[in-house]
Amino acid sequence: MTDLPDAAALFAAMDATWPPRATRPCGPITLRDGAGGGKRVSAATCASGQASAAEVEAAAQAMRAAGEAPLFGLRGDQAAFDERLESMGYAIIDPVVVYAIPAPALAQFAPGGMAAIFADAPLGIQEEIWAQGGIGPARLAVMARAAAPKTHILARHNDRPAGVAFVGIHGDIAMLHALEVLPAMRRKGIGAAASTSAAKWAAAQGARIFSLVTTVENTAANALYARLGMSVCARYHYRILKEPS
């Protein structure tokens, strides 16, 4: 599909709509304080893709000092940096794909009525559903840090809460995060309803592109986004150093 954003624009949207608590430089490497919000907000990155072994180790020491295992996120074509980390004992973990589609193209499939409710701040029932999926206070704090425009979606099925998601907009790119469907509501089209409703909301806010990320191993999610006509526009993965026990 033409006229979709490049990887750099999508990564910028990801950082803005799912932000760490703080960042700081360590040589050519950017360290992130994720405050317990998961790898996406905690992994160090190297925008240039060029870092010496000494610079990698300095960043690793800083992460250890903060009580975190050394973890790096590799975005796009960073083969040299990837090889450097591999040579230093860092193992690949959680390869991720980034999907995108023009927001209006996906919005046209959104269900009508009260299939989705949009809230400026998370409702109690949304927090409960997220908690059941392992999305607790630290990740809710990530949502709170994101700048507006943003919304918290409650998807409904037969007038009952069924799933939740969070969407933020950066520039003209909206990004979906933290999609969670209640176990009893799975295989009922809730993921598609939440995603298309999110795209409709985003398009109404002026977003040109709707995007999201998911792990390669999440086969159900990848199948869903392919069915919705979304395109893979970028990939990234993490490398983590397993410290000796």
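Position labels on residues start from 1 in each chain and follow its written sequence. Only residues with pLDDT of at least 70 are given local features in this predicted model, and only at 80 or more are side-chain atom pairs given and counted; all residues enter the totals for whole chains, interfaces and linings. Side-chain measures here rest on the full set of heavy atoms in the structure, leaving out hydrogens and waters.

Trainee: Can you help me understand the pattern of salt bridges in this one?
Mentor: Any two side chains of opposite charge can pair if their charged atoms end up close together. Salt bridges are defined as contacts in which a side-chain nitrogen from Lys or Arg sits within 4 Å of a carboxyl oxygen from Asp or Glu. Taken as a whole and assessed by the stated rule, the structure comprises ten salt bridges. For Asp94, the salt bridge is made with Lys39, and the minimal N-O distance between the two is 2.7 Å. One end of the pair, Asp94, is in strand β4 (residues 90–102); the other, Lys39, is in helix α2 (residues 39–42), and 55 residues separate them in sequence. Relative accessible area serves as the criterion here: at 22%, Asp94 is assigned to the partly exposed category. Labels follow the DSSP assignment, with helices taken as runs of H or I lasting at least four residues and strands as runs of E lasting at least two, numbered in each case from the N terminus. To sort residues, take the accessible area from a 1.4 Å probe on protein chains only and compare it with the maximum for the residue type: under 20% means buried, over 50% means exposed, and anything in between is partly exposed.

Trainee: So what exactly am I meant to see when it comes to the environment of Trp130 here?
Mentor: Mapped onto the elements, Trp130 comes out in helix α6 (residues 124–132). For Trp130, a relative accessible area of 0% gives the class buried. Each C-alpha atom of the pair Trp130 and Ala165 lies 8.6 Å from the other, and the pair is 35 residues apart in sequence. If near-sequence neighbours (up to four positions away) are discounted, Trp130 is found in contact with Pro122, Ile135, Leu140, Met143, His152, Val164, Ala165, Phe166, Ala178 and Glu180. Residues are treated as being in contact if the distance between any of their heavy atoms lies within 4.5 Å.

Trainee: Any chance you could explain the pairing of strand β7 (residues 160–170) here in plain terms?
Mentor: Burial analysis of β7 places eight of its eleven residues in the buried class, which makes it a mostly covered element. The pairing criterion for strands is at least two bridges between them, as found by DSSP. Where strand β6 (residues 150–157) and β7 come together, eight bridges link them in antiparallel fashion. Opposite Lys150, over in β7, you have Gly168 as the bridge partner. Summarising the sheet, β7 and strand β8 (residues 173–181) pair through seven bridges and their orientation is antiparallel. Counted as the bridge partner of Val167 is Leu176 from β8.

Trainee: For this particular structure, what's the right way to read the nonpolar core?
Mentor: Across soluble globular proteins, nonpolar side chains show a tendency to be buried alongside one another. Side-chain atoms within 4.5 Å are what join buried Ala, Val, Leu, Ile, Met, Phe, Trp, Tyr and Cys residues into a set we call a nonpolar core. In terms of nonpolar packing, the biggest core is built from 25 residues, with Leu176, Phe210, Tyr225 and Met230 touching the most fellow members. Among the secondary structure elements, those contributing two or more residues to this core are β4, α5 (103–107), β7, β8, α8 (190–204), β9 (209–215) and α9 (219–227). Top contributing element to this core by residue count: α8, with four residues.

Trainee: Where do I start with the packing of aromatic side chains in this structure?
Mentor: Remark: the centre distance and the inter-plane angle together describe each pair of aromatic rings, the angle taken between the planes. Classification of ring pairs rests on two measures: the distance between centres of Phe, Tyr or Trp rings, Trp counted by its six-membered ring, which must be within 6.5 Å, and the angle between planes, read as stacked under 30 degrees, edge-to-face over 60 and tilted in between. According to the stated counting rule, one finds six aromatic pairs in the structure shown. Ring geometry for Tyr236 against Tyr238: centres 5.6 Å apart, planes inclined by 85°, an arrangement best described as edge-to-face. Like Tyr236, the residue Tyr238 is buried in the burial classification. Joined through ring pairs, the aromatic side chains of Phe11, Tyr236 and Tyr238 make up one cluster. The criterion for a charge sitting over a ring is simple: Lys NZ or Arg CZ within 6 Å of the ring centre, and within 35 degrees of the ring normal. Looking at Lys39, its charged tip hangs above the ring of Tyr238, at a distance of 5.9 Å from the centre.

Trainee: Sorry, what's going on with the pairing of β8 here?
Mentor: Sheet faces and side chains relate simply in a regular strand, where the side chains alternate between the two faces. β8 sits mainly inside the fold: eight of its nine residues count as buried. Two successive antiparallel strands, β7 and β8, enclose a turn made up of two residues, where Gly171 displays a positive phi of approximately 65°. As defined by bridge partners, β8 adjoins β9 across four bridges and the pair is classed as parallel. If you follow Leu176 over to β9, its bridge partner there is Leu212. Here a crossover is taken to be right-handed if, once the strands point away from the viewer, the path from the first strand over the helix to the second is traced clockwise. A crossover connection joins β8 to the parallel β9 through α8; in handedness this β-α-β unit is right-handed.

Trainee: Would you mind showing me how to read helix α4 (residues 79–87) here?
Mentor: Those residues of α4 lying buried are Phe81, Asp82 and Leu85. An end-on view of α4 places all buried positions within 100° of arc, on one side of the element. Of the residues in α4, the exposed ones pointing more than 90 degrees away from the buried face are Glu83 and Ser87. Along its buried surface, α4 packs onto α3 (53–65), β3 (71–75), β4 and β10 (231–241). Following α4 by one or two positions, Gly89 adopts a phi angle in the positive range, close to 95°. Arc definition: directions from the helix axis to the C-beta atoms.

Trainee: Sorry, what's going on with unusual backbone geometry here?
Mentor: Among all residues except glycine, the phi angle is most often negative; among peptide bonds, the trans geometry is most common. Ala148 connects to Pro149 through a cis peptide bond whose omega is 5°. Structurally, Pro149 is set in the loop between α7 (137–145) and β6. Despite not being glycine, Ala35 shows a phi value in the positive range, around 50°. Position of Ala35 among the secondary structure elements: in the loop between β2 (29–33) and α2. Relative accessible area serves as the criterion here: at 33%, Ala35 is assigned to the partly exposed category.

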